[in-house]
Every structure is written in C-alpha cells, then in structure tokens.
Amino acid sequence: MNKELFNPNISVVMSVFNGASYLHESIESILNQSYKNFEFIIINDGSTDETLEIIKSYKDSRIVLISR
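Residues numbered from 1 in each chain as written. Predicted model: local features only at pLDDT ≥ 70, side-chain atom pairs only at ≥ 80, totals over all residues. Heavy atoms only, no water.

S.K.: Sorry if this is basic, but what is going on with helix α1 (residues 20–31) here?
M.R.: The end-to-end C-alpha distance of α1, which contains 12 residues, comes to 17 Å, matching closely the 16 Å that a straight helix rising 1.5 Å per residue would cover. Ala 20, Leu 23, Ile 27 and Leu 31 are the residues of α1 that are buried. For α1, the angular spread of buried residues about the axis comes to 45 degrees, placing them on one side. Away from its buried face by more than 90 degrees, α1 exposes Ser 21, Tyr 22 and Glu 25. Looking at the buried positions of α1, the neighbouring elements they touch are β1 (10–16), β2 (38–44), α2 (51–56) and β3 (63–67). (Helix = DSSP H or I, 4+ residues; strand = E, 2+ residues; numbered from the N terminus. Expected span 1.5 Å × (residues − 1). Buried < 20%, exposed > 50% of the residue type's maximum accessible area, 1.4 Å probe, protein only. Arc of directions from axis to C-beta. Contact = heavy atoms within 4.5 Å.)

The analysis is restricted to geometry; functional conclusions fall outside its scope.
Here it is as structure tokens:
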C-alpha cells in the first residue's frame, strides 16, 4: 500500500502490555478484516516480553506503532 495515497477512513486502536502469547492472533484478526481502509494504531505500554519485536515484525503500512 502506497502511504502517499493512503488516507484511512477509520482508526483502530489496540493497547498491549506483555501480550506476546496472543498478539499474533490479535493483529492478524484486525489486518484480515474485509474492510481495508483503516490505520491500525498499536500502543505498546512498556512490555517486557517479546511484544515489541512481534509488532515490529509486521510490515503492513496500516500499522502505526506507539511504544512507551
């Protein structure tokens, strides 16, 4: 998806703290929706497990990562 042409109609926001065990399933569930014109804001709230690495492994331009 070309970011310059990407103008999302909605924002989906998910916060996560040490959620590595369920994170792949959660992210995939959102990204695989039939409606595609959205930005997916994921807020990593100081996780100490593999949460941040999992989020960064996704190369989908709809994902906006905020890490605290």
